[in-house]
Amino acid sequence: MEDVEALKHPRSKALETLVERGFVEQVSDAAAIDQALAEGMVTFYIGYDPTAPSLHVGNLVCIMAMRLLQRCGHRPIVLLGSGTARVGDPSGRSDTRKMLDEQTIDAQVQKISEHFGHFLQMGTGAPNDAVVVDNQSWLGELRYIEFLREIGVHFTVNRMIATKTYRERLDQELPLSFIEFNYQLFQAYDFLHLYRHHGCTMQLGGSDQWGNMISGVELIRRIGGGDHGPAYCLTFPLLTTADGRKMGKTQRGAIWLHAEQLSPFDYFQYWVSCDDADVRKLLLTFTDLPKDEIEELCRAEGAALRDVKRRLAYETTRMAHGEEAAHNAQQAAAQAFGGGDDWSAVPAVGVPADPIKLVDLVTHDAVRAFPSKRAARQRIESGAVRIDGEPRTDPNEELHPEEFPAEGLRLQAGKRCRFRVVIG
RNA sequence: CCGUGGGAAGCCCAGAGGUAGGGCAGCGGACUGUAAAUCCGCGGUGCUUGCACGUGCAGGUUCGACUCCUGCCCCACGGACCA
């Protein structure tokens, strides 16, 4: 009851903002969290296991939550889990993760860590600057017997197998390897470590992390020493689009936050072509715009919503890629979808040709407008492809470099894929 | 380890010797607003565009195999062992 009250009328700006922007799914002790956030700077952390080569939109909810709390004066710790990535989190998975080799993990950590600076304030000398830590530095030197004696004694297997992640595996009689069974202990230990060494009292994460997070809270209650008061955790809802799908996956692949994997232009396009029904939620979650302003913007109806989507796309692109890239992407989108002949701002992709067939052009690695040549032929024949505004329906048409100007040709493939292609 | 049933395109399922069919998702077109809805089309892959390869993997029988046979892998259920 107290929880409900604290969530409805939070005293802290931080919790109030999290709640009204839809970041809160479940909290360990809402009233206490609210009080802690109202009283002063809280140090909190979110862990990322470097199991993918880059961050993508699916990771962005957590990043935005950190950003938001930091702007309310609290201090984020980004925990890169290159130690826990060596173990493999079974949460939400029906099978064991593929074991990643050490080089892959280290390379991914390097790449991912660079990117948090785009979203979080770091290195300014302020007390709430974000810090990045890597749990390999403490997990890597653990000694097994000592770990079992200090940490393992506080976990009962009875309790562990009751948690959702493990229970699902056991109920379905799917294999649960011992290494995975250890994962929860390591994540709990991470929290304890950060509590002891960084005064970290709150862990945030996706809703699938609840079990792991609450086990850390309990571990701290038992042996944390209480120097920094009790520990808490808070989970975010899994964000889905209006048609019930996970954010950040499209036909052409994941929406990466790194420019080498997805151009700022394509990133911008992802946001601008979202469903009307998602605009408000996306603005609340992925931009810094004040809630009042968002409500005002979302009063737009019909075609006027396009402008709101452009704003959404601009804000999100600015955050991930910077002001200049966002500006360029916006200009490029205006050119590519504005009906004019000038596509100079649209990023050019180079395709070798001497000459090249239309079907090979649209399926070339740099373009990949269609998933296979077979599909490309069918789409071309049904009128999906235009060059410089003219429909081209012959997949075998040969395109000669000398027919096109040096600045490239304007390629439309389907309704949303548009490229400036320089062939030759 | 034994027995039974089953693996088919992103997902669900029909086909039980005659050359892979339906539903959903998806994609494309029209209409629009780079949205939704609706209508129409596509519906595994490759390429030399009418041909080749495609029903877990590898063989075999057959004019012809998703279908029958052998071996292997994986999944579900039941049993044995651990007890």
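In the block above lies the structure referred to throughout.
Residue positions are counted from 1 within each chain, in the order its sequence is given. Note on labels: chains are lettered from A, ligands numbered from 1, in written order. Per-residue local features are limited, in this predicted model, to residues with pLDDT of at least 70; the limit for side-chain atom pairs, both in listing and counting, is 80 or more; totals at the level of whole chains, interfaces and linings are taken over all residues. Excluding hydrogens and water, the side-chain figures rest on all heavy atoms present in the structure.

A.B. asks: Quick question: what am I supposed to make of the overall build of chain A here?
C.D. replies: Assigned secondary structure in chain A consists of 19 helices and 15 strands. In terms of overall size, chain A behaves like a compact globule, its C-alpha atoms giving a radius of gyration of 25 Å where 424 residues would be expected to give roughly 22 Å. Each of the three principal axes of chain A carries a C-alpha extent, and together these read 75 × 45 × 45 Å. Here the term buried applies to any residue with accessible area under 20% of the maximum for its type, exposed to any over 50%, and partly exposed to those in between, with areas from a 1.4 Å probe on protein chains only. For chain A, buried positions account for 48% of its 424 residues. Here, two residues are considered to be in contact whenever any of their heavy atoms come within 4.5 Å of each other. Put simply, of all contacts in chain A between residues at least 6 apart along the chain, 71% involve residues at least 24 apart. All accessible-area figures derive from a Shrake-Rupley calculation using a 1.4 Å probe, and residue coverage is judged against the displayed protein chains alone. As presented, chain A carries roughly 20,300 Å² of accessible surface, and 48% of it is formed by carbon and sulfur atoms. Per the convention used, a helix needs a DSSP run of H or I reaching at least four residues, while a strand needs a run of E reaching at least two, with both numbered from the N terminus. Put simply, the radius of gyration uses C-alpha atoms, and a globule should come to 2.2 Å times the residue count raised to 0.38.

A.B. asks: I'm lost on unusual backbone geometry in this one. Help?
C.D. replies: Of all residues except glycine, most have a negative phi; of all peptide bonds, most are trans. Backbone torsion omega between D354 and P355 reads -15°, so that peptide bond is classified as cis. Mapped onto the elements of the fold, P355 is located in the loop between β9 (348-351) and β10 (356-357). With a phi close to 45°, R368 is a non-glycine residue in the positive phi region. Tracing the sequence through the fold places R368 in the loop between α18 (358-363) and α19 (373-381).

A.B. asks: Help me understand a nonpolar patch on the surface, please; the structure alone is not making it clear to me.
C.D. replies: The residues that make up patches have over 30% relative accessible area and no salt bridge, and they are joined within 9 Å when like-charged or within 5 Å when they are Val, Leu, Ile, Met, Phe, Trp or Tyr. Take a side-chain nitrogen of Lys or Arg and a carboxyl oxygen of Asp or Glu: if they are within 4 Å of each other, that pair is a salt bridge. Among the surface-exposed residues, Y144, I145, L148 and F178 lie close enough to one another that they form a single nonpolar patch of about 440 Å² accessible area. Among the elements that take part in the nonpolar patch, helix α7 (residues 144-150) stands out by supplying three residues, more than any other. As for its position among the elements, F178 is in helix α10 (residues 178-181).

A.B. asks: Just to check I follow, could you spell out the pairing of strand β3 (residues 75-80) for this structure?
C.D. replies: The side chains of a regular strand alternate between the sheet's two faces. The element β3 is largely enclosed, with a buried count of six among its six residues. Covered by surrounding structure in β3 are R75, I77 and L79 together with P76, V78 and L80, the residues of both alternating faces. As paired elements, strand β2 (residues 43-48) and β3 share six bridges and run parallel to each other. When the bridges of β3 are listed, I46 appears paired with V78. Crossover handedness is defined by viewing with both strands directed away from the observer: a clockwise path from the first strand over the helix to the second marks the crossover as right-handed. In this fold, the crossover linking β2 to β3 by way of helix α4 (residues 60-71) has right-handed handedness. Any two strands with at least two DSSP bridges between them are considered paired. Sheet analysis places β3 next to strand β4 (residues 131-134), joined by four bridges and oriented parallel. Residue pairing in the sheet places L80 in a bridge with D134 of β4.

A.B. asks: Any chance you could explain the protein's contact with RNA strand B here in plain terms?
C.D. replies: Throughout this document, a residue counts as near a molecule or strand when at least one of its heavy atoms sits within 4 Å of that molecule or strand. Around RNA strand B sit 28 residues in total, of which D276, K373, R374, R377 and R416 are the nearest. Across the atoms of RNA strand B situated within 4 Å of the protein, the share located in sugar and phosphate is 58%. For RNA strand B, a base nitrogen lies 2.9 Å from a polar atom in the side chain of Q269. In protein, a polar contact means a hydrogen-donor-capable atom and an acceptor-capable atom, both N or O and within 3.5 Å, with residues adjacent in sequence counting only if both atoms are side-chain atoms; elsewhere, any N or O pair within 3.5 Å suffices. The contact in question runs from a phosphate oxygen of RNA strand B to an N or O atom on the side chain of R416, over 2.6 Å. Per element, the largest residue contribution to the surface near RNA strand B is five residues, and it comes from α19.

A.B. asks: What exactly am I supposed to notice about the packing of aromatic side chains here?
C.D. replies: Aromatic ring pairs are described here by two measures, namely the spacing of the ring centres and the angle between the planes. The pairing test for Phe, Tyr and Trp rings, Trp by its six-membered ring, is centres within 6.5 Å, and the orientation test on the planes gives stacked under 30 degrees, edge-to-face over 60, and tilted for anything in between. The full count for this structure, using the stated rule, is nine aromatic pairs. By way of ring pairs, the aromatic residues Y267, Y270, W271 and F286 are connected into one cluster. Placement of a positive charge over a ring is assigned whenever Lys NZ or Arg CZ falls within 6 Å of the ring centre and within 35 degrees of the normal to the ring plane. Here the guanidinium or amino end of R410 rests over the ring plane of W343, the centre of that ring lying 5.9 Å away.

A.B. asks: What is the right way to read the packing of helix α13 (residues 264-272) against helix α16 (residues 305-321) from this model?
C.D. replies: Two quantities define a packed helix pair, namely the angle between the axes and the distance from one axis to the other. Fitting a line to C-alpha atoms yields each axis, with helices limited to the stretch in contact; the angle taken between N-to-C directions then spans 0 to 180 degrees. Interaxial distance between α13 and α16 falls to 8 Å at its minimum, and their mutual angle equals 145°. α13 and α16 meet at a crossing whose hand is right-handed. Of the residues in α16, those in contact with P264, Y267, F268, W271 and V272 of α13 are K309, R310, L312, A313, Y314, T316, T317, A320 and H321. Here the residues of the contact of α13 with α16 are counted per class, giving nine nonpolar, three polar and two charged. Each crossing gets its hand from how the near helix is turned against the far one by less than a right angle, where anticlockwise is left-handed and clockwise is right-handed. Residue polarity is assigned by list, with Asp, Glu, Lys and Arg as charged and Ala, Val, Leu, Ile, Met, Phe, Trp, Tyr, Cys and Pro as nonpolar; anything else, Gly included, falls into the polar class.

A.B. asks: Explain the sheet that holds β2 here, please?
C.D. replies: In a beta sheet, neighbouring strands are held together by backbone hydrogen bonds and run either parallel or antiparallel to one another. Strand order in the open sheet formed by six strands is β1-β6-β5-β2-β3-β4, with mixed pairing between adjacent strands. Either end of the sheet is taken by a strand with one partner, and the two such strands are β1 (26-27) and β4. Together, β1, β5 (200-206) and β6 (232-236) form the strand contacts of helix α3 (residues 30-39), whose direction differs from that of β6 by roughly 100°.

A.B. asks: What's the story with the sheet that holds β9 in this structure? I'm lost.
C.D. replies: The five strands lie next to each other as β9-β15-β14-β11-β12, forming an open sheet whose pairing is mixed. The sheet is open, and its two edges are formed by β9 and β12 (390-391), each paired on a single side. As defined by bridge partners, strand β14 (residues 409-413) adjoins strand β15 (residues 417-423) across five bridges and the pair is classed as antiparallel. Directly across from L409, in β15, lies its bridge partner V421.

A.B. asks: How should I be thinking about the side chain of T285 in this particular structure?
C.D. replies: Within the secondary structure layout, T285 lies in helix α14 (residues 279-286). At 2.8 Å, the side chain of T285 forms a polar contact with the backbone oxygen of K281. Each residue touching T285, except ones within four places of it in the same chain, is listed here: R21, F23, V61, M64 and L239.

A.B. asks: Before we go on, may I ask you to explain the pattern of salt bridges in this structure?
C.D. replies: When charged atoms on two side chains of opposite charge get close, those side chains can pair. Within the structure shown, the criterion is met by 21 salt bridges. Between E295 and R280 there is a salt bridge, and its shortest N-O distance comes to 2.8 Å. Pair noted here: E295 is in helix α15 (residues 291-297) and R280 is in helix α14, with a separation of 15 residues, a long-range link. With relative accessibility at 23%, the residue E295 sits in the partly exposed group. Owing to a relative accessible area of 36%, R280 belongs among the partly exposed residues under this scheme. The residue D360 makes a salt bridge to K373 at a minimum N-O spacing of 2.6 Å. Linking D360 in helix α18 with K373 in helix α19, this pair joins segments that are 13 residues apart in sequence.

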